[in-house]
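Fold and geometry: a report
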Amino acid sequence: MGQPTNRVFSGIQPTGNLHLGNYLGAIKKFVALQDSHECIYCVVDLHAVTAQLVQDDLKNQTREIAAAFIASGIDPAKHIVFNQSQVREHAELAWLFNCVARMGWLQRMTQFKDKAGKNAQNASVGLFAYPSLMAADILLYRATHVPVGDDQKQHLELTRDIAAKFNNDFAEKIKEFGHGDEGYFPITDPIIEGPATRVMSLRAGNNKMSKSEPSDMSRINLTDSADDIAKKIRKAKTDPEPLPDTMEGLAERPEAKNLVGIYAALSGQTSKAVVSEFAGQQFGTFKPALAELAVEKLAPINTEMRKLMDNPDHVDSILADGADRARVIAQQTMKEVREIFGFLG
Ligand code: TYM
């Protein structure tokens, strides 16, 4: 069986507070890739229980991510939208990848260190092995491209390392089964580009905007009302200087740089174009323009998400249908992977 050449996979955890960083760093790109690629978008609920075992209303959190995908413009009829736990093969391949990945590789993962905090001994084994499951998500579909925010870069490097080691260690078997010289798993390309690969907190320009930050004022949630969005932007931390006329002028101004990046990503321009448009203007002018733009882009998504959330059976049926279609690909991969490993049966 030949390699797919044009397949996108990406995922988002159903851990609440879906925010502007998730939208600009990931979902907006998912939407854009639909015309040129075969796309598979997954609500990664198995990942959601790695950091916190007991999740509050996991079912609704899962539906909410699916609703955000669809409300943002992902077409679940043309592409696949599903939740990870409905396709058991993710867990099976993750186990096998735990045997491919080396302890040293996982020990280098900065996200584990950040999430485990000071008490790493008390972190779950699942949190440690999280990147193996992520590699399994991607490689189960032999995806060639993975759109993500900047914080996932290291995990994607690990995915490439796992694919390369598997292809190398099983090279003979892979050829025996007729897969040619290119190996069985693709060496996946990350897609991390544009002005919003790392959206920062509205309260501290050196911290990433995140679901887990206690202050709700630090992020714009996709479920925020127009008033909340405007208020959060109005109150966003900035410095007293007007906007510069070159990108270099933003170098030491993380909060200003962040707001410019958000404006650029929402309006589909480069940060440079935004800087020239607003050169010399005060935040008193820029912030209302940004708030208006953010409301214009996010309010329709918010409205559509609410409609979908009012009809959970409809969302569930989309996810079940997506899982059925994902499973067809996943089962074929696992059949071949089992043969390559040499398992009986
Ligand atoms: P998660 O759920 O933390 O985040 C989902 C996506 O949002 C991006 N993101 C951001 N982008 C820009 N600025 C930010 N402040 C910001 N915060 C989050 C993330 O980079 C991500 O693209 N491990 C993944 C989920 C996952 C996955 C996968 C992704 C599991 N399996 C396979 C791709 C392929 C995660 O925790 O994302």
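Computed from a prediction, not measured in an experiment: that's the story for all the values here.

Moving on to the packing of helix H1 (residues 20-33) against helix H3 (residues 58-72). Relative orientation of the contacting elements H1 and H3 amounts to 55°, with a least axis distance of 9 Å. On the basis of the axis angle, H1 is oblique to H3. The interaxial crossing formed by H1 with H3 has right-handed handedness. Counted together, Tyr23, Ile27, Phe30 and Val31 of H1 and Ala68, Phe69 and Ser72 of H3 form the full contact between these two elements. Tallied by class, residues from the contact of H1 with H3 come to six nonpolar, one polar and no charged.

Around the ligand sit 28 residues, and of these Gln13, Tyr130, Asp137, Asp151 and Val199 come closest. Between the ligand and the protein, one listed contact pairs an oxygen atom with a side-chain N or O atom of Asn22 at 3.1 Å. In this structure, Tyr130 approaches the ligand through a side-chain N or O atom, which is 2.6 Å from an oxygen atom. Across the complex, the protein chains shield 97% of the 710 Å² of accessible surface that the ligand would expose by itself. Here the residues of the shell around the ligand are counted per class, giving 12 nonpolar, 11 polar and five charged.

One pass over the structure, following the stated rule, counts 17 salt bridges. Ionic pairing is found between Lys232 and Asp224, a salt bridge with its closest N-O pair at 2.6 Å. Here Asp224 falls in the buried class, since its relative accessible area comes to 8%. Its salt-bridge partner being Lys335, residue Glu339 comes within 3.9 Å of it at the nearest N-O pair. Of this pair, Glu339 and Lys335 are both found in helix H14 (residues 312-341), four residues apart, which corresponds to roughly one turn of the helix. Since its relative accessible area comes to 34%, Glu339 is described here as partly exposed. Counted as one network, the salt bridges with shared partners bring together Asp216, Arg219, Asp224 and Lys232.

Next up on the list: the pairing of strand E2 (residues 38-43). Across the six residues of E2, five count as buried, placing the element largely inside the fold. Bridge count between strand E1 (residues 7-12) and E2: six bridges; the pairing is parallel. Looking at E2, one finds that Ile12 is bridged to Val43. Handedness of the E1-H1-E2 crossover: right-handed. As judged from the four bridges shared by E2 and strand E3 (residues 80-83), these two strands associate in the parallel manner.

Quick look at the nonpolar core now. Membership of the largest hydrophobic core comes to 58 residues, with the highest contact counts inside it found for Leu20, Leu24, Phe69, Ile262 and Phe286. It is helix H13 (residues 283-309) that provides the largest number of residues to this core, a total of 10 residues. Formed jointly, this core draws a minimum of three residues from each of two domains, domain 1 (7-197 + 312-341) and domain 2 (216-307). In this structure, Phe286 is in contact with Leu243, Leu259, Val260, Tyr263, Val274 and Phe278, ignoring residues within four places of it in sequence.

As a further point, take a positive patch on the surface. Judged by side-chain charge, Arg203, Lys231, Arg234 and Lys235 come together as a positively charged surface patch. Relative to the helices and strands, Lys231 is located in helix H10 (residues 226-234).

Bringing the packing of aromatic side chains into the picture now. Enumeration over the complete set of coordinates arrives at 18 aromatic pairs. Aromatic side chains Phe30 and Phe69 sit 5.8 Å apart centroid to centroid with 65° between the ring planes, which places their arrangement in the edge-to-face category. Taken as a pair, Phe30 in helix H1 and Phe69 in helix H3 lie far apart in primary sequence, 39 residues in all. Each member of the pair, Phe30 as well as Phe69, carries the same accessibility label: buried.

Moving on, we come to the side chain of Ser201. With respect to the secondary-structure elements, Ser201 resides in the loop between strand E5 (189-191) and H10. Within the structure, Ser201 has its side chain in polar contact with the backbone nitrogen of Arg203 (distance 2.9 Å).

The subject of this paragraph is the domain arrangement of the chain. On domain assignment, one finds that the chain holds domain 1 (7-197 + 312-341) and domain 2 (216-307). Computed from C-alpha atoms alone, the centre-to-centre distance between domain 1 and domain 2 is 30 Å. Each side of the interface is counted separately: domain 1 has 15 residues, and domain 2 has 16 residues. When the two sides are added together, the surface that domain 1 and domain 2 hide from each other amounts to roughly 1300 Å², 75% of it contributed by carbon and sulfur.

Parameters at a glance
Residues numbered from 1 in each chain as written. Predicted model: local features only at pLDDT ≥ 70, side-chain atom pairs only at ≥ 80, totals over all residues. Heavy atoms only, no water. Axes fitted to C-alpha atoms, helices over the stretch in contact; angles between N-to-C directions. Helix = DSSP H or I, 4+ residues; strand = E, 2+ residues; numbered from the N terminus. Parallel < 35°, antiparallel > 145°, perpendicular 65-115°, else oblique. Left-handed = near helix turned anticlockwise from the far one by under 90°. Contact = heavy atoms within 4.5 Å. Nonpolar A, V, L, I, M, F, W, Y, C, P; charged D, E, K, R; others polar. Near = heavy atom within 4 Å. Polar contact = N/O pair within 3.5 Å; in protein donor to acceptor, adjacent residues only side chain to side chain. Areas by Shrake-Rupley, 256 points an atom, 1.4 Å probe, with all protein chains shown as cover. Salt bridge = Lys/Arg side-chain N within 4 Å of Asp/Glu carboxyl O. Buried < 20%, exposed > 50% of the residue type's maximum accessible area, 1.4 Å probe, protein only. Pairing = 2+ DSSP bridges. Right-handed = clockwise from strand over helix to strand, strands pointing away. Core = buried A, V, L, I, M, F, W, Y, C linked by side-chain atoms within 4.5 Å. Domains from an automatic or database assignment. Patch = residues over 30% accessible without salt bridge, like charges linked within 9 Å, V, L, I, M, F, W, Y side chains within 5 Å. Lys, Arg positive; Asp, Glu negative; His and termini not counted. Charge placed at Lys NZ, Arg CZ, Asp CG, Glu CD. Phe/Tyr/Trp six-rings, centres within 6.5 Å; stacked < 30°, edge-to-face > 60°. Buried area = accessible area lost by both parts, 1.4 Å probe.

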